[in-house]
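Summary of structural features
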Amino acid sequence: MRDQISALEALQQLDLELGVLEDDLEKYPQKISRLNEEIEDIKNSLAKAKEEFNQLRKKKTERELELAGNKDKIKKTEVKLFEIKTYKEYEALQKELSEVKRINADLEENIIKEMETLEELEALVKEKDNALSERAKEYENAINGYNLEINEIKKAYETKNQEKKKLASLINPDALSLYERIRRRNGVVLVQARNELCTGCNMNIPPQLFNEVLTSTRMIQCPNCHRILYCEETTEAELQTA
Ligand SMILES: [Zn+2]
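This report concerns the structure included in the present document. Only a predicted model underlies this, so the values are computations on that prediction, with no experimental measurement involved.

Rules used in this analysis
- Residues numbered from 1 in each chain as written.
- Predicted model: local features only at pLDDT ≥ 70, side-chain atom pairs only at ≥ 80, totals over all residues.
- Helix = DSSP H or I, 4+ residues; strand = E, 2+ residues; numbered from the N terminus.
- Rg over C-alpha atoms; globule rule 2.2 N^0.38 Å.
- Buried ≥ 20, exposed ≤ 12 C-beta atoms within 10 Å, placed from the backbone.
- Contact = placed C-beta atoms within 7 Å.
- Pairing = 2+ DSSP bridges.
- Axes fitted to C-alpha atoms, helices over the stretch in contact; angles between N-to-C directions.
- Parallel < 35°, antiparallel > 145°, perpendicular 65-115°, else oblique.
- Left-handed = near helix turned anticlockwise from the far one by under 90°.
- Nonpolar A, V, L, I, M, F, W, Y, C, P; charged D, E, K, R; others polar.
- Core = buried A, V, L, I, M, F, W, Y, C linked by C-beta atoms within 7 Å.

1. Re the overall build of the protein
A count of helical and extended segments in the protein gives 5 helices and 3 strands. Going from the N terminus to the C terminus, the protein shows its helices and strands as α-α-α-β-β-α-β-α. Taking 242 residues into account, the globule formula puts the C-alpha radius of gyration at 18 Å, and the protein, at 42 Å, lies well above it. C-alpha atoms of the protein, sized along the principal axes, occupy 135 × 35 × 25 Å. Taking all 242 residues of the protein together, the buried fraction comes to 7%. Considering only contacts within the protein whose residues lie at least 6 apart along the sequence, 74% involve residues at least 24 apart.

2. Regarding the sheet that holds strand β3 (residues 228-230)
Sheets are built from strands that pair by backbone hydrogen bonding, the pairs being arranged parallel or antiparallel. Within the open sheet, the 3 strands sit side by side as β2-β1-β3. Their pairing is mixed. On the outer flanks of this sheet lie β2 (197-198) and β3, each paired with one strand and no other. Where strand β1 (residues 190-194) and β2 come together, 2 bridges link them in antiparallel fashion. Directly across from A193, in β2, lies its bridge partner C198.

3. Description of unusual backbone geometry
Phi at N202 takes a positive value of approximately 65 degrees, unusual for a residue other than glycine. Tracing the backbone through its elements, the reader meets N202 in the loop between β2 and α4 (207-215). The class for N202 is exposed, based on 9 C-beta atoms found within 10 Å. One non-glycine residue, H226, lies in the positive phi region at around 65 degrees. Tracing the sequence through the fold places H226 in the loop between α4 and β3.

4. Remarks on the packing of helix α1 (residues 2-80) against helix α2 (residues 87-169)
The geometry of α1 relative to α2 is characterised by a closest axis approach of 5 Å and an angle of 165 degrees between their N-to-C directions. Relative to α2, α1 is oriented roughly antiparallel. Pair α1 / α2 crosses with left-handed handedness. When the residues that make up the contact of α1 with α2 are grouped by side-chain class, the tally is 42 nonpolar, 7 polar and 26 charged.

5. Description of the nonpolar core
In terms of nonpolar packing, the biggest core is built from 15 residues, with A193, I205, V213, I228 and L229 touching the most fellow members. Of all elements in the fold, only α1, α3 (173-186), α4 and β3 reach the threshold of two or more residues within this core. Residue contributions to this core peak at 3 residues, all from β3. When neighbours within four sequence positions are excluded, I205 is seen to be in contact with A193, E196, L197, C198, F210, C222 and L229.

6. Thoughts on the environment of E51
By secondary structure assignment, the location of E51 is in helix α1. Assessed through the 11 C-beta atoms surrounding it within 10 Å, E51 is described here as exposed. Taking the C-alpha atoms as reference points, E51 and R227, 176 residues apart in sequence, are found 65 Å from one another.

7. Considerations on the environment of E108
Relative to the helices and strands, E108 resides in helix α2. For the pair E108 and N44, spaced 64 residues apart in sequence, the C-alpha separation works out to 33 Å.

8. Some remarks on the packing of α1 against α3
Relative orientation of the contacting elements α1 and α3 amounts to 40 degrees, with a least axis distance of 11 Å. Relative to α3, α1 is oriented oblique. Relative to α3, α1 is oriented so that their crossing is right-handed. Facing α1, whose interface residues are Q4, L8, L11 and D15, α3 presents A175, Y179 and R183.

By themselves these figures say nothing about function.
Put into structure tokens, the structure is as follows:
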């Protein structure tokens, strides 16, 4: 019986280690998707800056066309000034001219402002573009590193799992299925019995049962949490007091 308990203890240790490896593995997809999200964010903000730049450039081109058209209009109107016959016509044309010139002054002012903003946006686009290539490289390296670590963990897991299978094949099938049943429900299967207490659930173990744990003639389960009980060292003193 001692042998079986010891084997189950070793099995439990392996299961704990396998569990740690599983937990480790679970962290990676999250880490990788976080990096991918960050790259997406940079890409989006770059696309936004580019879009803003293009929109503004389009607007500026429209203003430039309008300005050129107006300048043409001014020239034609100025020619007309030579052909007018009355003061009324002269006054009307002058009014038209000054209105177009006022519009042009506004257009020019806006175009200058837009040119400045375009320069700033261009710098911003360049900056974001550089950041993207830098980050993309950096994150690609990080992700490659994670994938290597994932492979290492998977290998370690596989090795340990083989070890577990080997060990399990040496354990009595009934004890093994009891072990698996308790593990699925409670995680930890084997717990120490100390001073007539189950250290798994802290409930009292009846003296007669505790005595059986000490002498370990059969597999004893805690009446409360159903875990398998064992004693680290069965001393003479314990045997006598039990
Ligand atoms: Zn218990």
